[in-house]
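Working through the structure, step by step
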Amino acid sequence: MCCGIWGTLAAGLFCDPNTYSDSYKDVTNPQNGYGLLYNGEKGGKLFAANLVFLIASICYVTSIAFPMFFALKVLRLLRINNIEETKGQDKVHHGGTAYENAAAGSNSNSSSLKDKA
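The rules we used
Numbers given to residues run from 1 along each chain, matching the order in which its sequence is written. For this predicted model, a pLDDT threshold of at least 70 governs which residues receive local features, and a threshold of 80 or more governs which side-chain atom pairs are given and counted, while totals over whole chains, interfaces and linings are taken from all residues. Working from all heavy atoms in the structure, the side-chain values ignore hydrogens and water. Known as pLDDT, the predictor's confidence for each residue is given on a scale from 0 to 100. We call two residues contacting when some pair of their heavy atoms lies within 4.5 Å. Each helix corresponds to a stretch of at least 4 residues labelled H or I by DSSP, and each strand to a stretch of at least 2 residues labelled E; elements are numbered beginning at the N terminus. Salt bridge, as applied in this entry: a Lys or Arg side-chain nitrogen positioned within 4 Å of an Asp or Glu carboxyl oxygen. Remark: exposure states derive from per-residue accessible area (1.4 Å probe, protein chains only) relative to the maximum for the residue type, with buried under 20%, exposed over 50%, and partly exposed in between.

Chain-level pLDDT for the protein is 79 on average; 72% of the residues reach the 70-or-more range. Note that pLDDT drops below 50 for residues 108–114; the model gives that stretch two contacts with residues more than four away or on any other chain.

Structure (structure tokens):
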């Protein structure tokens, strides 16, 4: 997510007018193709448009994701039950353990970590 945000903001900061016109063929309004660092106030339009796009995207995703995860939490579908959590997902669903040292039990991991410290 952060890389996408940075990429969108970076386009508004570093956009070169030549590459903008090559990409979008905006011959009617060429001053829209300046990044903020290339032409100051004129470049601010592209950066502001990208910033508005990011804010709108974050608001849209939040408005969809929050009710969905809230409903999953209310219906108790977001977490596994206590038995599966205690035994482990590997043992309950696949009949074995994923790691060799986990076969001896969860206490062997904690004691070996204490010995190393």
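That was the structure; now back to the text.
The subject of this paragraph is the side chain of asparagine 50. Looking at the element boundaries, asparagine 50 is found in helix H3 (residues 36–74). If sequence neighbours within four positions are ignored, asparagine 50 has contacts with Thr8, Ala11 and Gly12.

Applying the stated rule across the entire model yields one salt bridge. Where glutamate 85 meets arginine 79, a salt bridge forms, and the shortest distance between an N and an O atom there is 2.9 Å. The class of glutamate 85 is partly exposed, set by a relative accessible area of 43%. Owing to a relative accessible area of 60%, arginine 79 belongs among the exposed residues under this scheme.

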